[in-house]
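A closer look at the structure
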Amino acid sequence: MEFKLLSQKATKKEYDVIILGAGIGGLSAAIYSARAGASTLVLEKNAIPGGALALTYAVENYPGFKFIEGSKLAELIAEQAIHSGAHINYMEEAIKVEDLGEKKKVKTRVSEYEAKAVIVATGAKPRKLGIPGEDKFFGKGVSVCAICDAPFFKDKVVAIVGGGNTAFDEGDYILRYVKKAYFIHRRDTFRAEKILVDRVKNNPKAEFILDSVVEEIIGNEKVEKIKIKNLKTGETKELEVDGVFIFIGYEPNSQIVKDLVETKNGYIVTNEKMETSREGIYAVGDVRWGSIKQAVVSAGEGAIAGYYAGNKVLQQ
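Below you will find a few notes about this structure.

What counts, and where the lines are drawn
Residues numbered from 1 in each chain as written. Predicted model: local features only at pLDDT ≥ 70, side-chain atom pairs only at ≥ 80, totals over all residues. Heavy atoms only, no water. Pairing = 2+ DSSP bridges. Helix = DSSP H or I, 4+ residues; strand = E, 2+ residues; numbered from the N terminus. Disulfide = S-S within 2.5 Å. Buried < 20%, exposed > 50% of the residue type's maximum accessible area, 1.4 Å probe, protein only. Contact = heavy atoms within 4.5 Å. Axes fitted to C-alpha atoms, helices over the stretch in contact; angles between N-to-C directions. Polar contact = N/O pair within 3.5 Å; in protein donor to acceptor, adjacent residues only side chain to side chain. Core = buried A, V, L, I, M, F, W, Y, C linked by side-chain atoms within 4.5 Å. Phe/Tyr/Trp six-rings, centres within 6.5 Å; stacked < 30°, edge-to-face > 60°. Lys NZ or Arg CZ within 6 Å of the ring centre and 35° of its normal.

This brings us to the pairing of strand β6 (residues 112-120). Bridge count for strand β1 (residues 14-20) against β6 is six bridges, and the pairing is parallel. Residue pairing across strands places V17 opposite A117, the latter belonging to β6. In this sheet, β6 lies alongside strand β5 (residues 104-108) in antiparallel orientation, the contact comprising four bridges. Along β6, the bridge assignment pairs K105 with E114. The turn joining β5 and β6, which pair antiparallel and follow one another in sequence, is formed by three residues. Sheet topology note: the β6/strand β19 (residues 281-283) ladder contains three bridges and is parallel. When the sheet's bridge partners are listed, V118 is paired in β19 with I281.

What follows is the structure, encoded as structure tokens:
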């Protein structure tokens, strides 16, 4: 995917506000920070904006769009951030933040920057099952991204592990390609929204295996089968599948500031202004404690952080 405004890169080493991550939260923060008049830089480790949303096929609950692909929504917001005056450096991941007092230093693998405020919008990474075969077959039948890998399983049989919105939203997309999908969940009820669950239940290619967990992923060069255990009966059995999609939640990418700010279960704690326990450091989106991992929520949190950070630094 090409972005017409990628040339709007950083041209200096000092900014009023530096934002870590070009997901929806980070980009929304950039819009508000830049519109406030604060010089704003966004650092993004990937080549495109959007974070996890860029890998989401269907976004149906973002106001203003009945349906939009996640990557397209991210592109639109990135263009708006640049139009507002923000700079975005793609393929430049922040690896360390240092508190210098009135300023913060942000180090990447290629450069160093200083800012009066830092907004952490680094999101979260998919949680692993932690079972034999998971790492061995990652990329060889094991996946955490439907939009990336579902087309490789056309007319094949897969297992989808999880019971939340992501499992059913991504599962609905996977069902477009596969011959059959086993939805495996450790409970007999789902956390996912009813509309998503009903959509999958109405698909004849979906079969549910409840009160069960995957204990092992088995194969030679690629995934061939999985071992599952019923948590109520203790019974184990093997199921032949060509692939395993894992959607069991996320772990926050908060390591970069974990020694600087208060965290809870790894998530960054903030107040209603998105301020952390450390003066000049803010956090928004999936990395923040209490956020509900929805694009519209991340956008709102980004707007709050960008507004307060942008206006505060200009008063210093």
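Scanning the entire structure with this criterion turns up one disulfide. Between C145 and C148 runs a disulfide, and the two sulfur atoms are separated by 2.1 Å. One quick way to see it: the torsion about the S-S bond of C145 and C148 is about 70°, and its sign makes the bridge right-handed. The exposure class assigned to C145 is buried, which follows from its relative accessible area of 7%.

With that settled, consider the environment of V223. Relative to the helices and strands, V223 is located in strand β13 (residues 223-230). Measuring from C-alpha to C-alpha, the distance between V223 and N265 comes to 33 Å, with 42 residues separating the pair along the chain. When sequence neighbours within four positions are dropped, the list of residues in contact with V223 reads F137, K140, G141, V142, I217, I218, V241, D242, G243 and V244.

On the basis of which strands lie adjacent, the open sheet formed by three strands has the order β12-β13-β14 and antiparallel pairing. Where the open sheet ends on each side, the last strands, each with one partner, are β12 (212-219) and β14 (236-240). Geometrically, the sheet is characterised by an average inter-axis angle of 25° between neighbouring strands, direction not taken into account. Direction of pairing for β12 relative to β13: antiparallel, over a ladder of seven bridges. For I218, the partnering residue across the bridge sits in β13 and is K225.

Here the focus is the side chain of S111. With respect to the secondary-structure elements, S111 resides in the loop between β5 and β6. There is a polar contact of 2.4 Å between the side chain of S111 and the side chain of K13. Leave out the neighbours within four places in its chain, and S111 touches K13, E92 and V106.

This next bit is on the environment of R278. Along the polypeptide, R278 turns up in the loop between β18 (267-268) and β19. Judged by its relative accessible area of 28%, R278 falls in the partly exposed class. Separated by 23 residues in the primary sequence, R278 and Q255 have C-alpha atoms spaced 15 Å apart. Not counting the four nearest positions on each side in its chain, R278 is found in contact with D99, K104, D259, L260 and V261.

This part is about the nonpolar core. Formed by 35 residues in total, the largest nonpolar core has its most connected members in V17, I19 and I119. For this core, the elements supplying multiple residues, two or more each, are β1, α1 (24-35), α2 (70-83), β6 and α6 (295-315). Setting aside its immediate chain neighbours within four residues, V17 contacts S33, A38, S39, T40, L41, A115, A117, I119, A309, G310 and V313. Among the nonpolar cores identified, the runner-up in size contains 22 residues, and Y57, A58, A167 and V197 belong to it.

Okay, the packing of aromatic side chains next. One pass over the structure, following the stated rule, counts 11 aromatic pairs. With centroids separated by 5.7 Å and ring planes inclined at 50°, the aromatic side chains of F190 and F208 adopt a geometry described as tilted. Separated by 18 residues along the polypeptide, F190 in the loop between β10 (180-184) and α5 (194-201) and F208 in strand β11 (residues 206-209) bring together distant segments of the chain. Members of the aromatic cluster, connected to one another through ring pairs, are F168, F183, F190 and F208. Against the face of Y15 rests K12, its NZ or CZ located 5.1 Å from the ring centre.

What follows deals with unusual backbone geometry. Glycine aside, residues mostly have negative phi angles, and peptide bonds mostly take the trans form. Positive phi is not limited to glycine here, since D211 has a value of about 55°. Along the chain, the position of D211 falls in the loop between β11 and β12. Classification of D211 as buried rests on a relative accessible area of 14%. At K293, a residue that is not glycine, the phi angle is positive and equals roughly 55°. Inspection of the secondary structure assignment puts K293 in the loop between β19 and α6.

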